[in-house]
Amino acid sequence: MSIISDDNDFKNTTIKHVKTDKNPVISAESGDFDKSFENTIRPKSFDTYIGQTSLKETLKITIEAAKKRNAPLDHLLFYGPPGLGKTTLAGVIAEQMGVNIKITSAPALERPRDIIGILMSLKGGEILFIDEIHRLNKIAEEILYPAMEDFYLDITTGKSQTVKTLRIELPKFTLIGATTKAGELSGPLRDRFGIIHRLEFYTPEELSQVIKRTAGILNIEITDEGAYAIAKRSRGTPRIANRLVKRVADYALVKHDGKITQEIADKSLDILKIDNFGLDNTDRNLLKLIIEKYDGGPVGIETIAAAIGEDVRTIEDVCEPFLLQAGLIQRTPRGRKVSPQAYRHLGLKNHELSEQQSLF
Ligand code: ADE
């Protein structure tokens, strides 16, 4: 059965994620270890959920209106890079609505009976959260359409002449879908969501607050400057920030008195080879490859993936969103290109630019 959680406090939640080889300290994808750690520190209310301010305001109003109407929430779609708190936000919404949330992910809904089973288990008003919803197969999508739109399922039994369709009414529920790739969602599925919202990268100030909150829960002493030093290297991503707090806390405990100061944070992040932009070895290898082997690009994603030994999906979903947002790479129709800022960041010379400059 694909129902993974059926209580409200996320304690037993497991979400299937595709494993990657990316450096686990800095990858924004979550592994099994992260899930139990994340469950202990997940904020449960809008007051403790930091960042995503405009989305929170929209949601508060939607929730209040739904409560006044005594109706379930419209279906919601959250998209954006991994680690920004899509699952956490779904949990906060359930908490605010006072309803249960059932959490699963598209790869766990492979057979029709997986999605049918989970839909039939829902009670009125409950929330169904489907992570990586862009990976739902066609059959699962088609089962979902009438369930989302009119709250029923058509189940077909028998073959050719004996085929029968059984219509099953479902209680009104809310689907929250999450995806790192909104563009890969089929049009009909996307159209069935009442609210579609992008989660943004966090500012270092917001991440500092996340870090201080996590440190407080884990009983880790941290200064404002220590929190900010970690925040600056966390690629705008709370999942990474929370993971780094624990690594830096280990270093602080073993090498000093356990307190995280700016100096301790900087030293331990240097040892982890996370630079002051938050880039790790994979990111730097990717940029260096484009610069040194392809003259700054453009070069195709498959070529990059093969050369640095990563899979295309990891590069597209995990590395690229931050490199694009930081202005270090650009996507062009002919492939990826690095920006002049990437040369500066790596301390490498941009031959094209130097040649142009020497002409004047
Ligand atoms: N942990 C992960 N995401 C968070 C957020 N947005 N606010 C507080 N803690 C978090």
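This text follows the structure it describes.
Residues numbered from 1 in each chain as written. Predicted model: local features only at pLDDT ≥ 70, side-chain atom pairs only at ≥ 80, totals over all residues. Heavy atoms only, no water.

(A) Inspection of the sheet that holds strand 3 (residues 127-131) at higher detail. With respect to topology, 5 strands assemble into an open sheet ordered 2-3-6-1-7, the strand pairing being parallel. On the outer flanks of this sheet lie strand 2 (101-105) and strand 7 (195-198), each paired with one strand and no other. Taking the axes of each pair of neighbouring strands and ignoring which way they run, one obtains an average angle of 15° across the sheet. Sheet analysis places strand 2 next to strand 3, joined by 5 bridges and oriented parallel. Across the sheet, Ser-105 pairs through a bridge with Asp-131, a residue of strand 3. Those strands touched by helix 2 (residues 53-69) are strand 1 (76-79) and strand 7, and its axis lies near 160° from that of strand 7. (Pairing = 2+ DSSP bridges. Helix = DSSP H or I, 4+ residues; strand = E, 2+ residues; numbered from the N terminus. Axes fitted to C-alpha atoms, helices over the stretch in contact; angles between N-to-C directions. Contact = heavy atoms within 4.5 Å.)

(B) Local environment of the pattern of salt bridges. Enumeration over the complete set of coordinates arrives at 24 salt bridges. Taking the shortest distance from any N to any O, the salt bridge between Lys-138 and Glu-141 comes out at 3.4 Å. With Lys-138 and Glu-141 both in helix 5 (residues 138-150) and 3 residues apart, this pair spans about one turn of that helix. For Glu-141, a relative accessible area of 5% corresponds to the buried category. The closest approach of N and O atoms between Arg-167 and Asp-154, which form a salt bridge, is 2.9 Å. Of the two residues, Arg-167 is situated in strand 5 (residues 164-169) and Asp-154 in strand 4 (residues 152-157); the sequence distance between them amounts to 13 residues. (Salt bridge = Lys/Arg side-chain N within 4 Å of Asp/Glu carboxyl O. Buried < 20%, exposed > 50% of the residue type's maximum accessible area, 1.4 Å probe, protein only.)

(C) Looking closely at the site of the ligand. Looking at the ligand, the residues that line it are Pro-43, Thr-48, Tyr-49, Ile-50, Tyr-202, Val-210, Arg-213, Pro-238 and Asn-242. At a separation of 3.1 Å, a nitrogen atom of the ligand approaches a polar side-chain atom of Tyr-202. Here Asn-242 contributes a side-chain N or O atom positioned 3.5 Å from a nitrogen atom of the ligand. More than half of the atoms belonging to the ligand lie within 2 Å of the grid points that define the largest cavity. Among the secondary structure elements, those contributing two or more residues to the shell around the ligand are helix 7 (204-217) and helix 9 (238-255). Here the residues of the shell around the ligand are counted per class, giving 6 nonpolar, 2 polar and 1 charged. Both domain 1 (3-198) and domain 2 (204-271) contribute no fewer than three residues apiece to the shell around the ligand. (Near = heavy atom within 4 Å. Polar contact = N/O pair within 3.5 Å; in protein donor to acceptor, adjacent residues only side chain to side chain. 1 Å grid on protein atoms, 1.4 Å probe; cavity = no way out; pocket = protein on both sides within 12 Å on 5 of 7 lines; lining within 4 Å. Sits in = over half its atoms within 2 Å of the grid points. Nonpolar A, V, L, I, M, F, W, Y, C, P; charged D, E, K, R; others polar. Domains from an automatic or database assignment.)

(D) The arrangement of empty space enclosed by the protein in detail. A complete count under the given rule lists 2 cavities of 30 Å³ or more for this structure. Here the largest cavity defines a volume of roughly 530 Å³. Breaking the lining of the largest cavity down by element, the ones donating at least two residues are helix 1 (32-41), helix 3 (86-97), helix 7, helix 9 and helix 13 (312-325). For the lining of the largest cavity, a count of residues per class yields 11 nonpolar, 12 polar and 11 charged. Per-domain counts for the lining of the largest cavity show at least three residues from each of domain 1 (3-198) and domain 2 (204-271). (Points joined across faces, edges and corners; volume = space filled by probe spheres on them.)

(E) Structural context of helix 12 (residues 301-308). Those residues of helix 12 not exposed but buried are Ile-301, Ile-304, Ala-305 and Ile-308. Angularly, the buried residues of helix 12 cover 100° about the axis, an arc narrow enough to put them on a single face. Of the exposed residues in helix 12, those oriented more than 90 degrees away from the buried face are Glu-302 and Ala-306. Phi turns positive, to about 70°, at Gly-309, one or two residues after helix 12. (Arc of directions from axis to C-beta.)

(F) Molecular detail of the packing of aromatic side chains. Under the defined criterion, the tally for this structure stands at 2 aromatic pairs. Between the aromatic rings of Phe-151 and Phe-173, the centroid separation amounts to 5.5 Å while the plane-to-plane angle is 85°, which identifies the pairing as edge-to-face. In this pair, Phe-151 is assigned in the loop between helix 5 and strand 4 and Phe-173 in the loop between strand 5 and strand 6 (174-179), connecting sequence segments 22 residues apart. Residue classification places Phe-151 among the buried positions, given a relative accessible area of 14%. Here Phe-201 and Phe-322 contribute two aromatic rings whose centre-to-centre distance is 5.9 Å and whose plane-to-plane angle is 80°, an arrangement assigned as edge-to-face. One end of the pair, Phe-201, is in the loop between strand 7 and helix 7; the other, Phe-322, is in helix 13, with 121 residues separating them in the sequence. When the ring centre of Phe-37 is taken as reference, the NZ or CZ atom of Lys-246 above it lies at 4.1 Å. (Phe/Tyr/Trp six-rings, centres within 6.5 Å; stacked < 30°, edge-to-face > 60°. Lys NZ or Arg CZ within 6 Å of the ring centre and 35° of its normal.)

(G) Layout of the pairing of strand 2. By the criterion of burial, strand 2 is predominantly enclosed, with 5 of the 5 residues buried. Neither face of strand 2 is left uncovered, since the one carrying Ile-101, Ile-103 and Ser-105 and the one carrying Lys-102 and Thr-104 both have all their residues buried. Remark: the strand 2/helix 4 (residues 112-120)/strand 3 crossover connection has right-handed handedness. (Right-handed = clockwise from strand over helix to strand, strands pointing away.)

(H) Looking closely at the nonpolar core. The biggest cluster of nonpolar side chains holds 73 residues, and the ones touching the most others in it are Phe-78, Ile-93, Ile-230, Ile-260, Leu-286 and Leu-287. Ignoring sequence-local partners within four residues, the contact set of Ile-93 consists of Phe-46, Leu-59, Ile-63, Leu-73, Leu-76, Phe-78, Ile-127 and Ile-176. Judged by nonpolar contacts, the second largest core, of 28 residues, contains Leu-119, Ala-147, Phe-173 and Phe-193. (Core = buried A, V, L, I, M, F, W, Y, C linked by side-chain atoms within 4.5 Å.)

(I) Quick look at the pairing of strand 5. As paired elements, strand 4 and strand 5 share 6 bridges and run antiparallel to each other. Looking across to strand 5, one finds that Leu-153 is bridged to Ile-168. Following strand 4, the chain reverses through 6 residues before pairing antiparallel with strand 5; Gly-158 in that reversal takes a positive phi of roughly 80°.

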